[in-house]
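Listed below are the residues making up each chain.
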Amino acid sequence: KDFAEALGKGALPQLQELFLGGNKISDPGMIALSEAIGKGALPGLVYLYLNDNQISNTGMIAFSEAIGKGALAKLQGLDLSGNQISDGGLKSLSDALAMGVLARLK
């Protein structure tokens, strides 16, 4: 959460790649990160790696809401593998993607 709070205060506005895989990030951490992202904390982010954490639907819904605001418009790569996301979380992500967010995602 401390890292997400620092991001929210504009600590790394030019960051292009963020590797957070395998850090045991759970929903509270994902919610905090999503709040920072939703406030525009990482405008230049191109790659986001959140693989092999403990993110579930709750964290994914928060993330989907953040990107639904147009955050991470430059994102080209996103790794969410190895988490505990099921239908509800994927539905929220697909709804956000259907709005045209993350248009550069490959």
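Residues numbered from 1 in each chain as written. Predicted model: local features only at pLDDT ≥ 70, side-chain atom pairs only at ≥ 80, totals over all residues. Heavy atoms only, no water.

Enquirer: Sorry, what's going on with the packing of aromatic side chains here?
Expert: For any pair of aromatic rings, geometry is given as the distance between the ring centres together with the angle between the planes. Scanning the entire structure with this criterion turns up 2 aromatic pairs. Taking 4.4 Å as the distance between ring centres and 5° as the angle between the ring planes, the aromatic pair formed by phenylalanine 19 and tyrosine 49 counts as stacked. Of this pair, phenylalanine 19 sits in strand S1 (residues 17–19) while tyrosine 49 is found in strand S2 (residues 47–49), placing the two residues 30 residues apart along the sequence. You can call phenylalanine 19 exposed: its relative accessible area is 53%. Given the relative accessible area of 23%, tyrosine 49 is considered partly exposed. Ring centres of tyrosine 47 and tyrosine 49 lie 6.4 Å apart, and the angle between their planes is 20°; this geometry places the pair in the stacked category. These aromatic residues form a ring-pair network of at least three members: Phe19, Tyr47 and Tyr49. (Phe/Tyr/Trp six-rings, centres within 6.5 Å; stacked < 30°, edge-to-face > 60°. Helix = DSSP H or I, 4+ residues; strand = E, 2+ residues; numbered from the N terminus. Buried < 20%, exposed > 50% of the residue type's maximum accessible area, 1.4 Å probe, protein only.)

Enquirer: Sorry, what's going on with the packing of helix H3 (residues 57–68) against helix H4 (residues 87–98) here?
Expert: Each pair of packed helices can be described by the angle between their axes along with the distance between the axes. One can describe the packing of H3 onto H4 by two numbers: an axis separation of 8 Å at closest approach and a directional angle of 5°. The angle between H3 and H4 falls in the class roughly parallel. Along the contact surface, H3 presents Asn57, Met60, Ile61, Phe63, Ser64 and Ile67, while H4 presents Gly88, Gly89, Ser92, Leu93 and Ala96. Its residues assigned to classes, the contact of H3 with H4 shows 6 nonpolar, 5 polar and no charged. (Axes fitted to C-alpha atoms, helices over the stretch in contact; angles between N-to-C directions. Parallel < 35°, antiparallel > 145°, perpendicular 65-115°, else oblique. Contact = heavy atoms within 4.5 Å. Nonpolar A, V, L, I, M, F, W, Y, C, P; charged D, E, K, R; others polar.)

Enquirer: What should I look at first to understand the confidence of the model for the chain in this one?
Expert: Detailed reading of the predicted model is not advised wherever pLDDT is low. For the chain, mean pLDDT is 94; residues scoring 70 or higher make up 100% of the total. Mean pLDDT values over the elements of the chain span from 85, in helix H1 (residues 2–8), up to 98, in S2. (pLDDT = per-residue confidence, 0-100.)

Enquirer: What am I meant to see in the pattern of salt bridges here?
Expert: Any two side chains of opposite charge can pair, so long as their charged atoms come close to each other. Taken as a whole and judged by the stated rule, the model has 1 salt bridge. Of the charged contacts, one joins aspartate 95 and lysine 91 as a salt bridge, the two residues approaching to 2.8 Å between their closest N and O atoms. Taken as a pair, aspartate 95 and lysine 91 lie in helix H4 at a separation of 4 residues, close to a single helical turn. Taking the relative accessible area as the measure of exposure, lysine 91 reaches 48% and is therefore partly exposed. (Salt bridge = Lys/Arg side-chain N within 4 Å of Asp/Glu carboxyl O.)

Enquirer: Hey, could you run me through unusual backbone geometry in this one?
Expert: Generally, phi is negative for residues other than glycine and the peptide bonds are trans, each holding for most cases. One non-glycine residue, lysine 24, lies in positive phi territory at about 60°. Take lysine 24: it is sitting in the loop between S1 and helix H2 (27–38). Non-glycine residue aspartate 52 carries a positive phi angle of around 55°. For aspartate 52, a relative accessible area of 46% puts it in the partly exposed group.

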